[in-house]
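# Coordinates in review
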There are 2 protein chains.
Amino acid sequence: MNTDNLLVAYFSQYMDLSPEEIEVIKNTDIIREYAKNTVLLEAGQVAKNCFLVLKGCVRRYYIQDGEERIMDFYTENDPITPASYVSQTPSEYYLSCVEPSVISSGTDESTQEFIAKFPQFVPMFIKIGDQLSVKKQLSFDNFKNQSPEDRYQQLVASRPDLINRVPQYMIASYLGIKPESLSRIRKRLFS
Amino acid sequence: MNTDNLLVAYFSQYMDLSPEEIEVIKNTDIIREYAKNTVLLEAGQVAKNCFLVLKGCVRRYYIQDGEERIMDFYTENDPITPASYVSQTPSEYYLSCVEPSVISSGTDESTQEFIAKFPQFVPMFIKIGDQLSVKKQLSFDNFKNQSPEDRYQQLVASRPDLINRVPQYMIASYLGIKPESLSRIRKRLFS
DNA sequence: CCTGTGCATTGACTTGGGTTAAGAAATGAA
DNA sequence: TTCATTTCTTAACCCAAGTCAATGCACAGG
């Protein structure tokens, strides 16, 4: 698989690229394939990278009293900026691959070099950041406003792929409930 | 009250300011006082401004089935960037003053003018944005991971001022529960 | 093929928040 | 001060999620 094209496709969502710029993108970032269950960031470590999921699925989770609490699933074209990467303090949470995944890694230096060379990308970065931030706020709002049952129905509607590619007990954790409860919700809904 | 100094104080948190820069800050933004219960943004309207709370308290809330669902309280030095301001689509939520408040308003034009004149402020803006985004993610994580009782205890510990300046039924809404439940939680904790 | 492991379901019971309704306490205006 | 309104508390009952335990089911490895 030519993984470089995935990154070019990602940037193309936001702006038209000259052949020259395409070359730069192909050469700038580190792209790697990771096996299922590969841990990208461990709690306690300081993140050295931010990520962009090009293919596959990554989950973000805490471990509390030996239990995983899943906060997010990242899939195709989702950027991941760990809090630990921004603050350079030990991470409170883990990142690991739910599926075999193709992921682009960035560092502070690589990003700044990139921006210095190609300032025309800055408005795009800002736009992506704004959109992301708004999206996050709205999903928080939804979570707060809805019952677990509502949240499950909305998830099925908005991210049907997730339901199929992720085990149900992870979906339950993501929804903030126990697997048994999700089972009962499904029973209530589908019968 | 000399409200200009509040804005200068805000910027000084993040970088040292020359006398010249201080003059610019004093002249650039619109600062106004608002009475208690003034609505800054109404659901259905497209936001024309982003805000910075210099003094007082603003709440962000939806109205669902005639009930207010409070998502956030913004107090001294909290910036407010409405989703509607970013996307230029009608707002889903309201912003209104819980107390008489002093608030600085910004527009797209004023911000861009400001940046064009003083590019040295850009890294600061980016830093503020990053910090804000991380802070939001962490408070979402906390909300998901904790019971209403935990959430109340943490709020008392982390923002004790809010408990005093905001009516309890608003705190309850903010915690995602009914006033009656918060009453019971307090009884459980303090007796 | 059988077996072990991990995942999903079901049932009985507990617990804590929602609902409804009433009344007490605090606040503010006349 | 008095009265009205808003806010907070309490009680009884309901319901959905948590807990604990057993069972079913699918898939992988031997």
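Higher on the page you've got the structure.
Residues numbered from 1 in each chain as written. Chains lettered and ligands numbered in written order. Predicted model: local features only at pLDDT ≥ 70, side-chain atom pairs only at ≥ 80, totals over all residues. Heavy atoms only, no water.

### Structural notes on the pairing of strand β5 (residues 67-74) of chain A
Look at any regular strand and the pattern is simple: side chains alternate between the two faces of the sheet. All names here are of chain A. Summarising the sheet, strand β4 (residues 58-64) and β5 pair through 7 bridges and their orientation is antiparallel. Residue pairing in the sheet places R59 in a bridge with F73 of β5. Following β4, the chain reverses through 2 residues before pairing antiparallel with β5; D65 in that reversal takes a positive phi of roughly 50°. (Pairing = 2+ DSSP bridges. Helix = DSSP H or I, 4+ residues; strand = E, 2+ residues; numbered from the N terminus.)

### Focus on the protein's contact with DNA strand D
S181 and R184 of chain A together with Q168, Y169 and S183 of chain B are the nearest of the 16 residues found near DNA strand D. Within 4 Å of the protein, the contacting atoms of DNA strand D are 70% sugar and phosphate, with bases supplying the remainder. Within the side chain of E180 of chain A, an N or O atom sits 3.5 Å from a base nitrogen of DNA strand D. Within the side chain of K187 of chain B, one N or O atom sits 3.4 Å away from a phosphate oxygen of DNA strand D. Listed by contribution, the elements that provide at least two residues to the surface near DNA strand D are α9 (179-189) of chain A together with α8 (168-175) and α9 (179-189) of chain B. For the surface near DNA strand D, the leading source of residues is α9 of chain B, giving 5 residues. (Near = heavy atom within 4 Å. Polar contact = N/O pair within 3.5 Å; in protein donor to acceptor, adjacent residues only side chain to side chain.)

### Examining the side chain of D72 of chain B
Secondary-structure assignment places D72 of chain B in strand β5 (residues 67-74). Other than its neighbours up to four places away in sequence, D72 of chain B contacts Q137 of chain A together with V58, R59, R60, K136 and Y174 of chain B. (Contact = heavy atoms within 4.5 Å.)

### Here's the deal with the relation of the copies chain A and chain B
Laying chain A over chain B is done by rotating through 180° and shifting 0.0 Å along the axis; what remains is an RMSD of 0.0 Å. Taken together, the rotation angle and the small translation identify this as a two-fold axis. When the interface residues of chain A are mapped onto chain B, 100% of them are again interface residues, pointing to one common binding face. (Least-squares fit on C-alpha atoms with pLDDT ≥ 70 in both.)

### Details of the environment of F190 of chain A
Of note, F190 of chain A is situated in the segment after α9. F190 of chain A sits 132 residues away from V58 of chain A along the chain, and the two C-alpha atoms are 29 Å apart.

### Observations regarding unusual backbone geometry
Residue and element names in this part refer to chain B. At N37, a position not held by glycine, the phi torsion is positive, near 75°. Assignment of secondary structure puts N37 in the loop between β1 (30-34) and β2 (39-41). Phi is positive for D65, which is not a glycine, with a value near 50°. Along the chain, D65 falls in the loop between β4 (58-64) and β5.

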